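Structural overview for review
Now for the letters of each chain:
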Amino acid sequence: MERILVSACLMGRRVRYDGGAKTSDDAVFAAWRAEGRLVPFCPEVEGGLPVPRPPAEIEGGAGGAAVLAGAARVLTPDGHDVTAHFLEGARQCLAVARSFGVRIAVLKEGSPSCGVLRVYDGTFRGRKLPGEGVTAALLVANGIEVFGEDRIAEAAARLSG
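What you see is a predicted model, and the numbers here were worked out from it, not measured in a lab. (Residues numbered from 1 in each chain as written. Predicted model: local features only at pLDDT ≥ 70, side-chain atom pairs only at ≥ 80, totals over all residues. Heavy atoms only, no water.)

1. Brief notes about helix H6 (residues 152-160)
Because each turn of an α-helix spans 3.6 residues, side chains separated by three or four positions end up pointing in the same direction. What counts here: Any residue under 20% of the maximum accessible area for its type is buried, any over 50% is exposed, and the rest in between are partly exposed; the area is computed with a 1.4 Å probe on protein chains only. The way it works is that DSSP assigns letters per residue, a run of H or I at least four long becomes a helix, a run of E at least two long becomes a strand, and they are numbered from the N terminus. An arc is given here, and it is the one of the directions from the helix axis to the C-beta atoms. Two residues form a contact once any of their heavy atoms are found within 4.5 Å.
Within H6, burial applies to Ile152, Ala155, Ala156 and Leu159. When H6 is viewed along its axis, its buried side chains cluster within an angular range of 100° and face the same direction. Buried residues belonging to H6 abut strand E1 (4-7), helix H1 (27-35), strand E5 (104-107) and strand E8 (145-148).

As structure tokens, this is what we get:
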């Protein structure tokens, strides 16, 4: 059975910065869960950040590829640099994905780690820009196709195709 990497918060795990979860109620996601197909992972927690924790955004909304290249940082509202935690979590996530032979991931859209199509702009004003989070960018760079939780049907089509 092919495994799918998923953001742990989508499985109901309370790992988000605010101590909450973003549990998916998608029927396909529930079927995958029942099959034991899902590999949950939270890069921020595995990278060493606590729950709860201050929110973090990629400066300038530059995106995960810029963070991976050392051209942007991940900061909290008070300017604390948490880039090292995001990079470590991304590396650990890639290692887990490889250990399970994952080729598809379903991640939490908008997250500075897991955002697939959108990330916050770095101003902490709730504005989003096109771009990927740090973990999503690393997974894509290593041949893993990533989908936001609002694109599970596309992920299912890719899985069966």
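2. Observations regarding unusual backbone geometry
Of all residues except glycine, most have a negative phi; of all peptide bonds, most are trans. Of the consecutive residues Val51 and Pro52, the connecting peptide bond is found in the cis state with omega at -10°. One can find Pro52 in the loop between helix H2 (43-46) and strand E3 (57-58). You will see that Phe124, though not glycine, has its phi angle at about 60°, which is positive. Its place among the elements puts Phe124 in the loop between strand E6 (118-120) and strand E7 (128-130).

3. Considerations on the pattern of salt bridges
For the record, the criterion: Here, a salt bridge means any Lys or Arg side-chain nitrogen found within 4 Å of an Asp or Glu carboxyl oxygen.
Evaluated as defined, the whole model comprises 11 salt bridges. One salt bridge connects Arg103 with Glu2, and the closest N-O pair in it is separated by 2.5 Å. Of this pair, Arg103 sits in the loop between helix H4 (83-99) and E5 while Glu2 sits in the segment before E1, and the two are 101 residues apart along the sequence. The exposure class of Arg103 is partly exposed, given its relative accessible area of 35%. Looking at Glu2, the relative accessible area reads 24%, which means it is partly exposed. The partner of Arg91 in a salt bridge is Glu88, and the shortest N-O contact between them spans 3.4 Å. Taken together, the residues Arg91 and Glu88, both in helix H4 and three residues apart, mark about one turn of the helix. Judged by relative accessible area, which is 46%, Arg91 ranks as partly exposed. On the basis of relative accessibility, which here comes to 30%, the residue Glu88 falls in the partly exposed class.

4. Some words on the pairing of E1
The cut-off we apply is this: DSSP bridges decide pairing: two strands pair if at least two such bridges lie between them. Orient the strands so they point away from the viewer; a crossover is then right-handed if the path from the first strand over the helix to the second runs clockwise.
Here E1 shows a buried face lined by Ile4 and Val6 and a second buried face lined by Leu5 and Ser7. Two elements, E1 and strand E2 (residues 38-41), share four bridges in a ladder whose sense is parallel. When the sheet's bridge partners are listed, Ile4 is paired in E2 with Leu38. In this region the chain leaves E1, passes through H1 and returns to the parallel neighbour E2; the handedness of that crossover is right-handed. The pairing of E1 with E5 spans two bridges and is classified as parallel. Its bridge partner lying in E5, Val6 is registered against Val106.

5. Examining the sheet that holds E1
Keep this limit in mind: Here the axes come from fitting lines to C-alpha atoms, over the contacting stretch only for helices, and the angles between their N-to-C directions go from 0 to 180 degrees.
Overall, parallel pairing links the four strands, which are arranged E2-E1-E5-E8 in an open sheet. What marks the edges here is a single partner per strand, and that holds for E2 and E8. Pairwise comparison of adjacent strand axes, ignoring direction, gives a mean angle of 25° for this sheet. Packing of H4 onto the sheet brings it into contact with E1 and E2, and relative to E2 it is tilted by some 165°.

6. Some details on the nonpolar core
Worth spelling out the cut-off: The nonpolar core is taken to be a set of buried Ala, Val, Leu, Ile, Met, Phe, Trp, Tyr and Cys residues, with the residues joined through side-chain atoms within 4.5 Å.
Counting 28 residues, the largest nonpolar core has Leu5, Val74, Leu107, Val134 and Leu139 as the members making the most contacts within it. Among the secondary structure elements, those contributing two or more residues to this core are E2, helix H3 (64-68), H4, E5 and helix H5 (134-141). Top element by residues in this core is H4. It accounts for six residues. Excluding anything up to four places from it in sequence, Leu5 contacts Val39, Phe41, Cys93, Ala97, Val102, Ile104, Ala105, Val106 and Leu139. Ile4, Cys9, Cys42 and Ala155 belong to the second-largest nonpolar core, a separate cluster that totals 18 residues.

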